[in-house]
Amino acid sequence: MAHGSAPKTEFKNPVVRWIDARLPIFTMMIKEYGVFPMPKNANYLWSFGGIAMTMLGIMILTGIILAMSYTPSTPDAFNSVERIMRDVNYGWLMRYVHMNGASFFFIAVYIHICRGMFFGSYKQPRELLWIIGVVIFLLMMATAFMGYSLPWSQMSGWGVTVITSLFSAFPLVGDGLVTWLWGGFSVDNPTLNRFFALHFLLPFVIAGVVFIHVWALHMTGSNNPTGVEPKSTKDTLPFNPYFTSKDSFALVVFLTLFMAVVFFAPLSLVHADHFKPFDPMVTPPHIVPEWYFLPFYAILRAFTFDIGIPFTGIVVLPAKLQGVIAMFGSIVIWFFLPWLDRSPVKSARFRPIYKWCLAALLVSFCALGYAGSQPAEGLPVIIGQIATLYYFVHFLVIVPFLPRFEKTLPVPATISEDVKRK
Amino acid sequence: MDSPNSSSTGHAPYDRQKARRDFLTITTAAMGAVAAGSALWAVADTMNPAADTLALATTEVDVSSVAEGQTITTVWRGKPIFIQRRLQADVEKIRDEEWQTLRDPQSDEQRVQKGHDNWLVLIGVCTHLGCIPMGSKVGQPKGEFEGFFCPCHGSHYDASGRIRKGPAPKNLEVPPYAFVSDTLIRIG
């Protein structure tokens, strides 16, 4: 166990003592956030879990405030958002915080995921912790997607149309499934109503799963840049004050950047078509999802050839279905990462080749983001296809087979030894 | 627990009791599962189109004012419907083309109604991901095959609305429709 049981605390305050004897929340808080042993070498990348959790709180708070002035019906939705911007006291602030908050929530989570991949935080004994994290990411994607539909703009309506139409790729059940998702034969009022209901619900589901994620984390303790588990109390420091202060500083810097965007460039990530009400009869010439979905959108579009039995004309996997499978598969693959990676060494710091493969993965992910932002023709399509190829080769070939050839660097025996060596 | 084979107490032997209990447990669980499944079905089915949505299933369009070569757009079930009155020359041209080797092989004759061969009626929704293809209005790009072009992901349809190039898997769908008279079309 990474942490022993905390010494029984004697509380001076009689009220606290009274409550704690009946419901030991104070004992629990001291154990999990006071004396909780953190690896002493955890760097600022370890602050992003807490940052992401703070962003979730900000999103829920501003979201509830917005819901009080928002009208989820097709004739009124767009205007009610404009009213929030113009008439509701500080409505503009709540909306800009919520709108850009989604982006910054994803920034924090993407950094958090990269940290986990680089330092092997998904490996034994943290496999389940990692899997729960992937579930959170999928829930976040669903929530963000449905939230984007609520202003009922051109981008909202057509984004919903394109993404829900993905499900029509599935054979036999596809069309029925899309009608079921829409609640009609096109994206219309029933769609908006249910998306609002689900957009309201899912953040609380995320909060619940985050609780389980943190619970699992506190069973194993945090990973650290060496990937070596703490061996003694010399390797750890109590969470408070060392990491409460470090995480608070990181949070303040992050929130400063966030609020700088909210105040000075609140529309920098928004497309012009988001300011026109949804017209089901006119598709904008170039529709793209929000930036945090672009890499996955590019994977979707990377498949342009049907796969069939040669010379028979029988199509086994149409291009559209391949794209849909690949897009979902690109995240589902993360669930299996703990078992795909056969290397006994956790941290990529000690894996001289794998380190560069991860850098290439990051580059290909960014290249996919670029490809997804461009119209589907010419060079961006080819960039998207090459990057998609690397993405899957990385997870399905490099991750499982590289450990057979890679000579890893000597791993320090303890965290303290590694810290002294520097 | 009863001792095995305690027939002296008047109860059935232990293994028969166990079999009876298993039977009761399994049937109870099965009935419970059926009840839960039925309830869940009702919950899921509320998300299917409601009666008022289904009631919008037919629409009638007067096409007497459509000129030759003109395309009008009407709405059916919230989707745009392209109604095109084609020139005789265009009909003959598209029918001369090879269709057996297309991605979704259909002849032009199969896509229109007999006796009304000049009228092309299509659901104006790209079969890829649901965008509305261009080419129904004057001045819009018609794509490489002189029909329709979807700007979202670059699907090209020919003058009969058949997919020729790009990611879409199927031809533009033909809605169910009938000519009530020579100038009145009922869609749905």
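Predicted model only: the values in this text are computed from it and were never measured. (Residues numbered from 1 in each chain as written. Chains lettered and ligands numbered in written order. Predicted model: local features only at pLDDT ≥ 70, side-chain atom pairs only at ≥ 80, totals over all residues.)

Draft legend 1. Expanded view of the overall build of chain A. Each helix and strand counted, chain A has 16 helices and 4 strands in total. Over its C-alpha atoms chain A spans a radius of gyration of 24 Å, differing by no more than 12% from the 22 Å that the globule rule assigns to 422 residues. Projected onto the principal axes, the alpha-carbon positions of chain A cover approximately 65 × 60 × 40 Å. Evaluated residue by residue, chain A yields a buried proportion of 38% over its 422 residues. Taking the intrachain contacts of chain A between residues at least 6 apart in sequence as the baseline, contacts between residues at least 24 apart amount to 76%. (Helix = DSSP H or I, 4+ residues; strand = E, 2+ residues; numbered from the N terminus. Rg over C-alpha atoms; globule rule 2.2 N^0.38 Å. Buried ≥ 20, exposed ≤ 12 C-beta atoms within 10 Å, placed from the backbone. Contact = placed C-beta atoms within 7 Å.)

Draft legend 2. Broad picture of the pairing of strand β6 (residues 155-158) of chain B. Residues and elements named next belong to chain B. The alternating pattern of β6 places Ser-155 and Tyr-157 and His-156 and Asp-158 on opposite faces, both of which are buried. As paired strands, strand β5 (residues 146-150) and β6 are joined by 4 bridges and run antiparallel to one another. Residue pairing across strands places Cys-150 opposite Ser-155, the latter belonging to β6. What sits between β5 and β6 in their antiparallel hairpin is a turn of 4 residues, with Gly-154 showing a positive phi close to 75°. Connecting the antiparallel pair β6 and strand β7 (residues 163-165) is a turn made up of 4 residues, with Gly-161 showing a positive phi of about 80°. (Pairing = 2+ DSSP bridges.)

Draft legend 3. Examining the sheet that holds β7 of chain B more closely. Residue and element names in this part refer to chain B. If you trace the 3 strands from one edge of the open sheet to the other, you get β5-β6-β7, paired in antiparallel fashion. Whereas interior strands pair on both sides, the edge strands pair on one side only; in this sheet they are β5 and β7. Within this sheet the neighbouring strands show an average axis-to-axis angle of 35°, counted without direction. In terms of strand pairing, β6 meets β7 through 2 bridges, oriented antiparallel. Note on β7: the bridge partner recorded for Tyr-157 is Ile-163. (Axes fitted to C-alpha atoms, helices over the stretch in contact; angles between N-to-C directions.)

Draft legend 4. Just the packing of helix α3 (residues 48-67) of chain A against helix α9 (residues 189-220) of chain A, in detail. Residues and elements named next belong to chain A. Between α3 and α9, the shortest axis-to-axis distance is 11 Å and the interhelical angle comes to 155°. When the axis of α3 is compared with that of α9, the two are roughly antiparallel. Pair α3 / α9 crosses with left-handed handedness. Contact residues: α3 offers Met-53, Leu-56, Met-59, Ile-60, Gly-63 and Ala-67, while α9 offers Phe-200, Pro-203, Ile-206, Ala-207 and Val-210. For the contact of α3 with α9, the per-class residue count stands at 10 nonpolar, 1 polar and no charged. (Parallel < 35°, antiparallel > 145°, perpendicular 65-115°, else oblique. Left-handed = near helix turned anticlockwise from the far one by under 90°. Nonpolar A, V, L, I, M, F, W, Y, C, P; charged D, E, K, R; others polar.)

Draft legend 5. Molecular detail of the interface of chain B and chain A. Taken together, the contact between chain B and chain A spans 21 residues of the former and 28 residues of the latter. Looking at the side of chain B that touches chain A residue by residue, the class counts come to 11 nonpolar, 8 polar and 2 charged.

Draft legend 6. Quick look at unusual backbone geometry. Residue and element names in this part refer to chain A. Pro-125 follows Gln-124 through a cis peptide bond whose omega is 5°. Positionally, Pro-125 belongs in the loop between α5 (91-118) and α6 (127-149). That bond from Asn-240 to Pro-241 is cis: its omega, 5°, falls within 30 degrees of zero. Among the structural elements, Pro-241 can be located in helix α10 (residues 239-264). The backbone of Tyr-90 shows a phi angle near 55°, a positive value even though the residue is not glycine. Among the structural elements, Tyr-90 can be located in the loop between α4 (77-86) and α5. The phi dihedral of Trp-152 is positive, around 55°, even though this residue is not glycine. Along the chain, Trp-152 falls in the loop between α6 and α7 (154-165).

Draft legend 7. Focus on the environment of Glu-68 of chain B. All names here are of chain B. Among the structural elements, Glu-68 can be located in the loop between β1 (59-62) and β2 (71-76). Spatially, the C-alpha atoms of Glu-68 and Leu-87 are 5.9 Å apart, while their sequence positions differ by 19 residues. Contact partners of Glu-68, with chain neighbours within four places excluded, come to Arg-85 and Leu-87.

Draft legend 8. A look at the sheet that holds strand β9 (residues 184-187) of chain B. Residue and element names in this part refer to chain B. Spatially, β1-β9-β8 is the arrangement adopted by the 3 strands of the open sheet, whose pairing is antiparallel. The outermost strands of the open sheet, each flanked by one partner alone, are β1 and β8 (177-181). Strand after strand, the sheet turns through a mean of 25° between neighbouring axes, direction not considered. Here β8 pairs with β9 via 4 bridges, running antiparallel. Its bridge partner lying in β9, Tyr-177 is registered against Ile-187.

In short, the description is geometric, and any link to function would need to be established separately.
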